Protein chains: 2
Amino acid sequence: MEVKEIKKLPKATAKRLPSYLRNLKALESSGVIRIKSKEFAEITHVPSATIRRDFSYLGELGRSGYGYEVPFLIEVFSNLLATEEEKDIALVGVGNLGKALLKNNFRRNENLNITCVFDSDPSLIGTVFEGYYIHSMDELAEKVAENGLTVAITTVPSHHSQEAVDVIVESGITAILNFAPDRVTVPDEVNVRYIDLTTELLTLIFFDNQNHYKMPAVHFNEQ
Amino acid sequence: MEVKEIKKLPKATAKRLPSYLRNLKALESSGVIRIKSKEFAEITHVPSATIRRDFSYLGELGRSGYGYEVPFLIEVFSNLLATEEEKDIALVGVGNLGKALLKNNFRRNENLNITCVFDSDPSLIGTVFEGYYIHSMDELAEKVAENGLTVAITTVPSHHSQEAVDVIVESGITAILNFAPDRVTVPDEVNVRYIDLTTELLTLIFFDNQNHYKMPAVHFNEQ
């Protein structure tokens with residue numbers, strides 16, 4: 001047994017990790033326990049040479065001609081994506097969705113905790129929900145600095161999303177999970193990830209239609 | 001102007017559409033208005049020959065050596081993913097998350113409507129939330145048949161997720177959007193899509209860490 005330290009991954013490799021992990025989990029749940037880079041390439045649509053190079057950054061994950069052990073890859077990639085440190089997270093917007101997030105509060109992962117909560121609604125500010133005191137947006141920058149926060153979740157609806165994100169970015173937050181799917185403008189150094197439930201649902205329906213009957217004809221202009 | 005009808009797409013092509021659309025939208029928001037298949041291949045990690053073949057199923061979307069117009073592709077792919085028909089959707093689970101979904105009810109897309117609502121909690125059954133009557137799970141099969149439903153959203157937490165999905169599948173539903181990320185077992189003909197907020201958040205934090213400081217060392221056993 002040898003312990004190996006991983007250097008900073010190339011950004012392109014890092015970007016592929018979540019997709020690798022998702023596909024590996026799907027394989028595992030279909031009972032696949034070993035996979036070759038060529039087969040994995042077909043599933044992920046990433047060239048097999050790229051897969052082998054990506055995996056090589058993470059050490060000796062497989063043997064030539066033998067393939068990779070799926071459960072082992074899942075363990076390595078899960079560890080890689082998991083934060084070793086505790087992350088305190090700010091929540092902006094305490095409507096029904098915000099309340100659902102607070103009630104659950106990522107209890108599946110003990111390192112992730114919403115600890116500071118904000119809203120702009122005067123009827124909510126100063127009240128307590130499930131033990132969380134709801135602060136005004138004016139207090140965001142102060143709380144972010146005080147608690148060294150870098151991550152925020154916003155559930156603010158689309159028409160006020162940019163406004164809320166501006167305040168969040170101004171406060172020093174660099175990573176934002178946004179439940180409003182409309183693209184917001186942020187400085188280069190800020191990461192935004194969108195949860196777009198409408199698109200998820202449309203994708204699901206699209207596949208369902210593909211499975212069950214001939215897809216409705218789509219008309220468009222030829223160029 | 002010529003109108004063209006699209007035949008059933010190969011399943012592999014269909015699976016790539018959501019990713020194509022997501023990447024095109026990202027390109028558009030960075031101001032890119034035209035792209036060649038080779039450039040798009042670098043972004044999507046799909047070989048350029050595959051991209052050209054996929055696009056060819058959808059008609060003449062671009063000109064050789066000139067590339068594809070990004071806004072036009074977005075329009076075509078959005079139309080393709082959009083349901084032309086109205087989809088009535090069942091919602092199972094009316095906790096805070098279910099309530100948030102009902103309040104919003106996909107109002108961005110007039111074809112998507114949650115119309116039937118179910119819960120197993122006796123204190124909710126028979127009550128009305130935001131105009132929606134909450135039915136018991138026992139009524140699911142009857143309502144699905146009565147309204148010709150094929151799509152359901154479940155917000156039932158992980159430890160009861162399989163149970164709820166079994167009832168949903170039994171009722172005749174073939175497409176399920178599941179907010180509990182643990183994989184459930186369903187027959188082959190049923191599509192399940194998972195919303196996994198913990199993984200989304202971990203992915204965001206992972207990229208944030210990559211950007212801001214050297215990633216924490218990850219240790220694992222070499223094989």
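Numbering of residues starts from 1 in each chain and follows the order in which that chain's sequence is written. Chains and ligands are labelled sequentially in the order written, the chains with letters from A and the ligands with numbers from 1. Local features in this predicted model are restricted to residues whose pLDDT is 70 or higher, and side-chain atom pairs enter the listing and the counts only when it is 80 or higher, whereas totals over whole chains, interfaces and linings include all residues. Calculated side-chain values reflect all of the structure's heavy atoms, with hydrogen atoms and water omitted.

- You'll find chain A entered in an unreviewed UniProt entry as Redox-sensing transcriptional repressor Rex, with Enterococcus aquimarinus given as the organism.
- UniProt positions are given in the numbering used here, feature names are shortened, and annotations may be inferred rather than shown by experiment. According to UniProt, the comment filed for chain A under the heading Function (unreviewed entry) is "Modulates transcription in response to changes in cellular NADH/NAD(+) redox state."
- Annotation of chain A in UniProt includes, under Subunit (unreviewed entry), the sentence "Homodimer."

## Here we look at the sheet that holds strand β6 (residues 128–129) of chain A
Residue and element names in this part refer to chain A.
Okay, so step 1: Two strands pair if DSSP finds at least two bridges between them. Helix and strand labels come from DSSP, where a helix needs a run of H or I of at least four residues and a strand needs a run of E of at least two; each type is numbered from the N terminus. Across the sheet, which stays open at both edges, the 7 strands sit in the order β6-β7-β5-β4-β8-β9-β10 with mixed pairing between neighbours. Both outer strands of the open sheet, β6 and β10 (191–194), are each paired with one neighbouring strand and no more.
Okay, so step 2: Where strand β4 (residues 87–92) lies against strand β5 (residues 112–119), 6 bridges are found, and the strand directions are parallel. Bridged to alanine 90 within β5 is cysteine 116.

## Some details on the sheet that holds strand β3 (residues 67–69) of chain B
Residue and element names in this part refer to chain B.
Okay, so step 1: Sheet architecture is open: 3 strands sit in the order β1-β3-β2, paired in antiparallel fashion. Of all strands in the sheet, those with a lone pairing partner are β1 (34–35) and β2 (62–63), marking the two edges.
Okay, so step 2: Looking at chain direction, β2 and β3 are connected through 2 bridges and run antiparallel. Its bridge partner being in β3, glycine 62 is matched across the sheet by tyrosine 68.
Okay, so step 3: Against the sheet, helix α4 (residues 70–81) contacts β1 and β3, and its axis sits at roughly 65° relative to β3. A contact between two residues is defined here by any heavy atoms of the two lying within 4.5 Å. To get an axis, a line is fitted to the C-alpha atoms, and for a helix only the part in contact is used. The angle between two axes follows their N-to-C directions and goes from 0 to 180 degrees.

## Remarks on the pairing of strand β4 (residues 87–92) of chain B
Residues and elements named next belong to chain B.
Okay, so step 1: Taking burial as the measure, the 6 residues of β4 include 5 buried ones, the bulk of the element.
Okay, so step 2: Crossover handedness is defined by viewing with both strands directed away from the observer: a clockwise path from the first strand over the helix to the second marks the crossover as right-handed. Regarding topology, helix α5 (residues 96–104) serves as the crossover connection from β4 to the parallel strand β5 (residues 112–119), and that connection is right-handed.
Okay, so step 3: As defined by bridge partners, β4 adjoins strand β8 (residues 151–154) across 4 bridges and the pair is classed as parallel. The residue bridging alanine 90 from the neighbouring strand is alanine 152, located in β8. Exposure categories follow from relative accessible area, calculated using a 1.4 Å probe and restricted to protein chains: below 20% of the type maximum is buried, above 50% is exposed, and the middle band is partly exposed.

## A look at the domain arrangement of chain A
Okay, so step 1: An automatic or database domain assignment supplies the residue ranges for each domain. Domain annotation of chain A identifies domain 1 (2–81) and domain 2 (87–198).
Okay, so step 2: When each unit is reduced to the centre of its C-alpha atoms, the spacing between domain 1 of chain A and domain 2 of chain A is 32 Å.

## Remarks on the packing of aromatic side chains
Okay, so step 1: To pair, rings of Phe, Tyr and Trp, with the six-membered ring standing in for Trp, must have centres within 6.5 Å; the planes then decide the type, stacked if under 30 degrees apart, edge-to-face if over 60, and tilted in the middle. Taken as a whole and assessed by the stated rule, the structure comprises 12 aromatic pairs over all chains.
Okay, so step 2: An angle of 45° between the planes, with centres 6.1 Å apart, marks the rings of Phe40(B) and Phe55(B) as tilted. One end of the pair, Phe40(B), is in helix α2 (residues 37–44); the other, Phe55(B), is in helix α3 (residues 48–56), and 15 residues separate them in sequence. Across the pair, Phe55(B) and Phe40(B) agree in class, each one buried.
Okay, so step 3: Note on Phe55(B) and Tyr68(B): the rings are 4.9 Å apart at their centroids and 80° apart in plane angle, and the pair reads as edge-to-face. Here Phe55(B) is found in helix α3, whereas its partner Tyr68(B) is found in strand β3, with 13 residues between them in sequence. This pair shows no difference in class: Phe55(B) is buried, exactly as Tyr68(B) is.
Okay, so step 4: Pairwise contacts between aromatic rings join Tyr20(A), Phe40(A), Phe55(A), Tyr68(A) and Phe77(A) into one cluster.
Okay, so step 5: When the NZ atom of lysine or the CZ atom of arginine is within 6 Å of a ring's centre and also within 35 degrees of its normal, the charge is said to sit over that ring. The aromatic ring of Phe129(A) is capped on one face by Lys99(A), whose charged end is 5.6 Å from the ring centroid.

## A word on the nonpolar core
Okay, so step 1: Core analysis: the biggest nonpolar cluster contains 52 residues, and Ile114(A), Ile153(A), Leu201(A), Ile114(B), Ile153(B) and Leu201(B) have the highest contact counts within it.
Okay, so step 2: Setting aside its immediate chain neighbours within four residues, Leu201(B) contacts Ile89(A), Phe106(A), Leu112(A), Val151(A), Ile153(A) and Leu177(A). Throughout, nonpolar core names a set of buried Ala, Val, Leu, Ile, Met, Phe, Trp, Tyr and Cys residues whose side chains join them through atoms within 4.5 Å.

## Overview of the UniProt feature "DNA-binding region" (unreviewed entry) in chain A
Okay, so step 1: Feature annotation in UniProt assigns "DNA-binding region" (unreviewed entry) to the following positions: residues 19–58 of chain A.
Okay, so step 2: Taken end to end, residues 19–58 of chain A is 70% helix and 5% strand, and its two terminal C-alpha atoms sit 16 Å from one another.

## Examining the side chain of Ser171(A)
Residues and elements named next belong to chain A.
Okay, so step 1: One can find serine 171 in the loop between α7 (158–170) and β9 (175–178).
Okay, so step 2: When its relative accessible area of 11% is taken as the criterion, serine 171 is described as buried.
Okay, so step 3: A 3.5 Å cut-off defines polar contacts: any pair of N or O atoms within that distance qualifies, except that in protein one atom must be a possible hydrogen donor and the other a possible acceptor, and neighbouring residues in sequence count only when both atoms are side-chain atoms. Separated by 2.5 Å, the side chain of serine 171 and the backbone oxygen of isoleucine 168 make a polar contact.
Okay, so step 4: Discounting chain neighbours no more than four positions away, the residues touching serine 171 are Leu140, Ala141 and Val144.

## Quick notes on the environment of Asp138(A)
Okay, so step 1: With respect to the helices, strands and loops of the structure, Asp138(A) is situated in the loop between β7 (132–136) and α6 (140–147).
Okay, so step 2: Residues Asp138(A) and Ser120(A), 18 residues apart in the sequence, show an inter-C-alpha distance of 8.6 Å.

## Considerations on the UniProt feature "binding site: NAD(+)" (unreviewed entry) in chain A
Okay, so step 1: Taking the numbering used here, the UniProt-annotated feature "binding site: NAD(+)" (unreviewed entry) corresponds to Gly93(A), Val94(A), Gly95(A), Asn96(A), Leu97(A) and Gly98(A).
Okay, so step 2: Tracing the chain through its elements places Asn96(A) in helix α5 (residues 96–104).
Okay, so step 3: Its relative accessible area of 16% is what places Asn96(A) among the buried residues.
Okay, so step 4: In contact with Asn96(A), not counting residues within four places along its chain, are Asn96(B), Lys99(B), Ala100(B) and Lys103(B).
Okay, so step 5: Note that Leu97(A) resides in helix α5.
Okay, so step 6: Not counting chain neighbours up to four residues away, the residues in contact with Leu97(A) comprise Thr155(A), Phe179(A), Leu97(B) and Ala100(B).

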